[in-house]
Amino acid sequence: MEPIMIFCLLFFIIFCLRKLVFKKREACCYMMAYECYKAPEDRKLDTDTCARIVLRNKNLGLQEYKFLLKTIVSSGIGEETYGSRNVISGQEDSPTLKDSISEMDDLIFDTLDKLFAKTGISPSEIDILVVNNVPLFSPAPSLTARVVNRYKMRSNVKTFNLSGMGCSASIVAIDLVQRLFKSYKNAFAIVVSTESLGSNWYQGKEKSMMLSNCLFRSGGCSMLFTNNSALKHQAIFRLKHVVRTHLGSNDEAYGCCIQVADDLGYKGFLLTKSLKISAAKALAANLRNKTKRNSLQEMGAGLNLKTGGDHFCVHPGGRAIIDEVGKSLSLSNYDLEPARMALHRFGNTSAGGLWYVLAYMEAKQRLKKGNKILMISLGAGFKCNNCVFEVMRDLKDATVWKDSIDQYPPETTVNPFIESIVGSMTNISALLDFNRCEACLDFSIFLLTFFT
């Protein structure tokens, strides 16, 4: 072969390798920081407050009250979660546009203010903005437009407003960002995940639609990402991969978690009995991308996720969801502790829930350089999404948990009113008739009336 041909061939090989290396660098997705929302103290929802809210619904009868109160005290949710101001103040039956926008503004602007202050990144440097608004609230102009206006972002910022994506919306947004990074070099992206109660409080009496009132709480998170490899030493996580699964073509899966109106015309979120089955199928299909096994049972029997992951962020959607995912994937109590504690302290904050779980791990100083974190989320559609992050450095910031991390895990997550019920075997229901229960000032007496 002529020397000139050899030289050209080597040059071509070097050029291709160089192009491949740069393409790989540009495809990187680093998380620089995240900020979870913590509402003010006047928005706390303890069991007593929840019961008073329940009692305001005049459409409910004795059986509905018993169902709701049993659900509340056995949900795994603690006494310090947060709700919407209009619900706490007794205006849940007539939410206004102002109430809904104010709730979103509080969450979004509080977390973004802290995020920009922590990272030193200016809003004018943001190239991509994604807001996933899980509640059924889509104002015009959009929430992304409100963010652009508030922070006076550049006119060429790329904005995406996602709604109706369910509890797995955060990972959907992150997947969108990493795909956009392939087209934009050295870019900064913001992802905001929200949850709101005020505009979607169910006022009817269908049990399968009342569950959302018991489980969901106010919360959310803002995150900053970049694909600038020069900043990787400042990053806290590196995204390794994302896997998304959508079972919307299956009628049962599509309808197991859906917004509808009941027979009385009250709108709400319907959670059917097939939700558990659909979630299992979605999880199995999602994990099938990493294994040749054909069923969740087969995976749980022999698949050891710990060979590829050190920590597990399970969606804190409820006690049953956490337990079932843990059982299916053979996760230990240690693995599930962050999800259970996030549910207890903050409730089900929908798309923002995973980040309270992650923040718990960080506050407990579990996250060490090189560790892999598997995040698993489930949401309406029906969807199961997962992603894997690599920890870039040892982390120990208490973040949103700083005021309560020393109290976790508690000796028990049993609702304190359950103890009162179990401790009394005397049937005192004859002492209080149904109408007088509404006037009970001591909620423990009210619970005893129904449960004994």
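An account of the accompanying structure is given in this report.

Rules and cut-offs
Residues numbered from 1 in each chain as written. Predicted model: local features only at pLDDT ≥ 70, side-chain atom pairs only at ≥ 80, totals over all residues. Heavy atoms only, no water. Phe/Tyr/Trp six-rings, centres within 6.5 Å; stacked < 30°, edge-to-face > 60°. Lys NZ or Arg CZ within 6 Å of the ring centre and 35° of its normal. Core = buried A, V, L, I, M, F, W, Y, C linked by side-chain atoms within 4.5 Å. Buried < 20%, exposed > 50% of the residue type's maximum accessible area, 1.4 Å probe, protein only. Helix = DSSP H or I, 4+ residues; strand = E, 2+ residues; numbered from the N terminus. Contact = heavy atoms within 4.5 Å. Salt bridge = Lys/Arg side-chain N within 4 Å of Asp/Glu carboxyl O. 1 Å grid on protein atoms, 1.4 Å probe; cavity = no way out; pocket = protein on both sides within 12 Å on 5 of 7 lines; lining within 4 Å. Points joined across faces, edges and corners; volume = space filled by probe spheres on them. Nonpolar A, V, L, I, M, F, W, Y, C, P; charged D, E, K, R; others polar. Pairing = 2+ DSSP bridges. Axes fitted to C-alpha atoms, helices over the stretch in contact; angles between N-to-C directions.

Quick word on the packing of aromatic side chains
Part 1 of the reasoning: As enumerated under the stated definition, the model contains 10 aromatic pairs in all.
Part 2 of the reasoning: Put simply, the rings of Phe 346, Tyr 356, Tyr 360, Trp 401 and Tyr 408 pair up and form one aromatic cluster.
Part 3 of the reasoning: It is Arg 150 that lies over the ring of Phe 109; its NZ or CZ is 4.4 Å from the centre.
Part 4 of the reasoning: Seen from the ring of Phe 346, Arg 345 lies directly overhead, with NZ or CZ sitting 4.6 Å from the centre.

Regarding the nonpolar core
Part 1 of the reasoning: In this structure, Tyr 34, Phe 225, Phe 237, Trp 355, Phe 389 and Trp 401 are the most contacted members of the largest nonpolar core, which totals 107 residues.
Part 2 of the reasoning: It is helix H14 (residues 353-363) that provides the largest number of residues to this core, a total of 9 residues.
Part 3 of the reasoning: Once you skip the residues sitting within four places of it in the chain, Trp 355 turns out to touch Met 31, Tyr 34, Cys 36, Ser 170, Ile 174, Cys 221, Met 223, Met 375 and Phe 389.
Part 4 of the reasoning: The next biggest cluster of nonpolar side chains, apart from the first, holds 21 residues, and it includes Leu 45, Cys 50, Leu 60 and Leu 69.

As for the pattern of salt bridges
Part 1 of the reasoning: Applying the stated criterion across every chain yields a total of 21 salt bridges.
Part 2 of the reasoning: Residues Asp 110 and Lys 114 are paired through a salt bridge, measuring 3.4 Å at the closest nitrogen-oxygen approach. Remark: Lys 114 and Asp 110 occur in helix H5 (residues 97-119); sequence separation between them is 4 residues, near one turn of the helix.
Part 3 of the reasoning: The closest approach of N and O atoms between Glu 324 and Lys 276, which form a salt bridge, is 3.5 Å. Of the two residues, Glu 324 sits in helix H12 (residues 319-328) while Lys 276 sits in helix H10 (residues 275-287), which places them 48 residues apart along the sequence.
Part 4 of the reasoning: For Glu 324, a relative accessible area of 30% gives the class partly exposed.
Part 5 of the reasoning: A relative accessible area of 54% means that Lys 276 is categorised as exposed.
Part 6 of the reasoning: When salt bridges with common partners are traced through the structure, they connect Glu 41, Lys 44, Glu 80 and Arg 345 into a single cluster.

With respect to the layout of surface pockets
Left-over empty space is what a probe sized like a water molecule reveals as it rolls over the atoms.
Part 1 of the reasoning: Empty space within the second largest pocket amounts to approximately 250 Å³.
Part 2 of the reasoning: Lining the second largest pocket are 16 residues, and of these Met 32, Ala 33, Lys 118, Ile 236 and Arg 393 lie nearest its centre.
Part 3 of the reasoning: Contributions of two or more residues to the lining of the second largest pocket are made by strand S1 (30-36) and H5.
Part 4 of the reasoning: Class assignment for the residues of the lining of the second largest pocket results in 9 nonpolar, 3 polar and 4 charged.

Some remarks on the sheet that holds strand S13 (residues 383-391)
Part 1 of the reasoning: Strand order in the open sheet formed by 9 strands is S5-S4-S6-S7-S1-S8-S13-S12-S11, with mixed pairing between adjacent strands. The open sheet has two free edges, formed respectively by strand S5 (158-163) and strand S11 (311-314), since each of these has just one partner strand. Going from strand to strand, the sheet's axes swing by 20° on average, the running direction of each strand aside.
Part 2 of the reasoning: Where S1 lies against strand S8 (residues 237-246), 2 bridges are found, and the strand directions are antiparallel. The partner of Met 31 across the bridge, within S8, is Phe 237.

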